Amino acid sequence: ARARAAAAAALRRSGRGSGRGRAAPPRGRSRERAPPRGEAPAAAPAPPPARHLFSEPAEVEALRRNLLAWYDRCKRDLPWRALAATEPDADRRGYAVWVSEIMLQQTQVATVIDYYNRWMQKWPTLQALARASLEEVNELWAGLGYYSRGKRLQEAARKVVSELAGRMPRTAEELQKLLPGVGRYTAGAIASISYGQATGAVDGNVVRVLCRLRCIGADSSSPAVVDRLWDMANVLVDRSRPGDFNQALMELGATVCVPKAPLCGECPVKQHCQAWRRKLFGKPPPVPDVEDCGVGDCPLCLPATEPWDSSLGVTNFPRKAAKKPPRAMRTATCVLERRGCHGAPEYLIVQRPSSGLLAGLWEFPSLPLAQDLQEEEEREQLADHLQAWMGRPVAAKGLQFIGEVIHIFSHIHQTYVVYSLHLDGDVTLDPALSPSRWVTEDEFLASAVSTAMKKV
Ligand code: SF4
């Protein structure tokens, strides 16, 4: 009974009354019509069962203590952590954390470190980044993927400098409201790590950890579950060390509570983990006077259609709706080569449009192809396309087929059909077309080109 009362109180505090994740109506708009005479008022929806909540203050305290002690012992030395801990200037500190958070979206820590160091060396302040050109940003970002991140980071830095007098917003609410490209997670991370605001930060690692700690098996990308996880993160975050706590939760997800083979034996919070207990005991732990969710229609439990699978253990959690398969695309691309003035080969690269996939990056002249074309048709179309660049006829037969390169973007399965063409004599490029230039191999590698083009 105590657990249920505490759960209900926690829900009241969070302003969410519905166990199905529906938010309570905002203040001032909460007048509801009375039920027609003779009808009983609708019953208040039941709160989620206590096993999906952290409703005992003593348990919250213990989890914070155990997690932070582990973090102090085991955290990885990372350049942005050093800056967050030592940089006395608040705007520089916020900027340093912001850059790391944007780079870390969809990208592994090990890949980011080198990019981060080079970035901070080149643009140690918001003002320095605001003065950079987009070309420079793209060059440094080349190979990191999801290129719009770098562009938006620079746009946002320009906004801070020109509209906010170079002062970083200090709270999660303001960060999210004022900075383009800063979403709820990034805002929470910057505000807690740089400015000590006691606010949660829920990224993919945290989703996994929280779903396991509280046996949340409903679709973890659904709005109801996302809301619940944010509520939980805001309840759990340590009031005196919010930045360390959020980083500790993420670190746990990245190094111990990993997706496929979590190291539960080494986990500092295993005594608080419902998934681990369920694995040990083979069934949900007994919680006094609380409905045995999973049997009823609990909106947070594993769905009845895909129940607990004992061969998966704790990795039963989290569950996600199946992703749409990536779209298949074919693109013909041609490596045009000429002898440069010093005899070294040079290659033609052209700039992509300033919006859309790989915006503003450089590539070999390329042409998206319809599916199911015959090889001859592909070749003819590419020859016509090249003719526009070079202002002179290009014989399809002169294009030498080299091979195919596959590159997976997040939502596109891209096949590049690669041809090459050696040119004799000078070629005048049409300046009315997109920007283009001849580069040596070294210049190509130092240019703002995508990983896919480097593979080509
Ligand atoms: Fe994750 Fe295992 Fe720790 Fe639970 S006990 S939080 S499943 S690593």
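My aim in this report is to walk through the structure given alongside it, one point at a time. Because the structure is predicted, anything quoted here is derived from the model rather than measured.

Regarding the overall build of the protein
Line of reasoning, step 1. A count of helices and strands for the protein gives 17 helices and seven strands.
Line of reasoning, step 2. Within the protein, the proportion of its 456 residues that are buried is 48%.
Line of reasoning, step 3. The long-range fraction of contacts in the protein, counting pairs at least 24 apart against all pairs at least 6 apart in sequence, stands at 69%.
Line of reasoning, step 4. Total accessible area on the protein is roughly 23,300 Å²; 53% of this is exposed by carbon and sulfur atoms.

Some details on the pairing of strand 6 (residues 412-422)
Line of reasoning, step 1. Within strand 6, nine of the 11 residues are buried, which leaves the element mostly enclosed by the surrounding structure.
Line of reasoning, step 2. As paired elements, strand 5 (residues 400-408) and strand 6 share eight bridges and run antiparallel to each other. For I406, the partnering residue across the bridge sits in strand 6 and is T415.
Line of reasoning, step 3. Hairpin remark: strand 5 followed by strand 6, antiparallel, with three residues in the connecting loop.

Some remarks on the nonpolar core
Line of reasoning, step 1. Counting residues in each nonpolar core, the largest one holds 107 residues, and the members touching the most others are Y95, W98, M103, W119, W123, L210 and L252.
Line of reasoning, step 2. With nine residues, the top contributor of residues to this core is helix 4 (residues 90-104).
Line of reasoning, step 3. A domain split of this core shows at least three residues from each of domain 1 (50-316) and domain 2 (327-446).
Line of reasoning, step 4. Beyond its immediate stretch of four places on either side in the chain, W119 contacts Y95, V99, M103, L129, V137, L140, W141 and L153.
Line of reasoning, step 5. The next biggest cluster of nonpolar side chains, apart from the first, holds 22 residues, and it includes C334, L382, W389 and L423.

Observations regarding the environment of K270
Line of reasoning, step 1. When you line up the elements, K270 lands in the loop between helix 13 (242-255) and helix 14 (274-281).
Line of reasoning, step 2. Separated by 57 residues in sequence, K270 and L213 place their C-alpha atoms 8.1 Å apart.
Line of reasoning, step 3. Once residues within four sequence positions are removed from consideration, K270 is found in contact with C264, G265 and W276.

Things to note about the site of the ligand
Line of reasoning, step 1. Every residue lining the ligand is accounted for by R212, L213, C257, C264, C267, K270, C273, W276 and V314.
Line of reasoning, step 2. Partitioned by chemical class, the residues of the shell around the ligand number seven nonpolar, no polar and two charged.

Notes on the side chain of R64
Line of reasoning, step 1. With respect to the helices and strands, R64 occurs in helix 2 (residues 57-74).
Line of reasoning, step 2. Classification of R64 as buried rests on a relative accessible area of 9%.
Line of reasoning, step 3. Not counting chain neighbours up to four residues away, the residues in contact with R64 comprise V235, L236, V237, D238, R239 and F245.

Some remarks on the pattern of salt bridges
Line of reasoning, step 1. For the structure on display, the rule yields 17 salt bridges.
Line of reasoning, step 2. Two residues, E135 and R437, come together in a salt bridge whose shortest N-O distance is 3.8 Å. Taken together, the residues E135 in helix 7 (residues 134-141) and R437 in strand 7 (residues 436-439) connect sequence positions 302 residues apart.
Line of reasoning, step 3. Residue R437 is classed as partly exposed on the basis of its relative accessible area of 28%.
Line of reasoning, step 4. Bridged by salt links that share partners, the residues D72, R241 and D244 form one connected network.

What to know about the packing of aromatic side chains
Line of reasoning, step 1. Applying the stated rule across the entire model yields six aromatic pairs.
Line of reasoning, step 2. An angle of 80° between the planes, with centres 5.2 Å apart, marks the rings of W80 and Y116 as edge-to-face. On the criterion of sequence distance, the pair formed by W80 in helix 3 (residues 79-86) and Y116 in helix 5 (residues 109-122) is long-range, its members being 36 residues apart. Comparing W80 with Y116, the two get one shared label, buried.
Line of reasoning, step 3. Ring plane angle 80° and centroid distance 5.6 Å describe the contact between W119 and W141, whose orientation is recorded as edge-to-face. With a gap of 22 residues between them, W119 in helix 5 and W141 in helix 7 connect regions that are remote in the sequence.
Line of reasoning, step 4. Residue W141 is classed as buried on the basis of its relative accessible area, which comes to 0%.
Line of reasoning, step 5. The structure contains a cluster of three or more aromatic residues connected by ring pairs, namely W119, W123 and W141.
Line of reasoning, step 6. For K75, the ring lying beneath its charged end belongs to Y71, and the centroid distance is 5.2 Å.

Criteria and cut-off values
Residues numbered from 1 in each chain as written. Predicted model: local features only at pLDDT ≥ 70, side-chain atom pairs only at ≥ 80, totals over all residues. Heavy atoms only, no water. Helix = DSSP H or I, 4+ residues; strand = E, 2+ residues; numbered from the N terminus. Buried < 20%, exposed > 50% of the residue type's maximum accessible area, 1.4 Å probe, protein only. Contact = heavy atoms within 4.5 Å. Areas by Shrake-Rupley, 256 points an atom, 1.4 Å probe, with all protein chains shown as cover. Pairing = 2+ DSSP bridges. Core = buried A, V, L, I, M, F, W, Y, C linked by side-chain atoms within 4.5 Å. Domains from an automatic or database assignment. Near = heavy atom within 4 Å. Nonpolar A, V, L, I, M, F, W, Y, C, P; charged D, E, K, R; others polar. Salt bridge = Lys/Arg side-chain N within 4 Å of Asp/Glu carboxyl O. Phe/Tyr/Trp six-rings, centres within 6.5 Å; stacked < 30°, edge-to-face > 60°. Lys NZ or Arg CZ within 6 Å of the ring centre and 35° of its normal.

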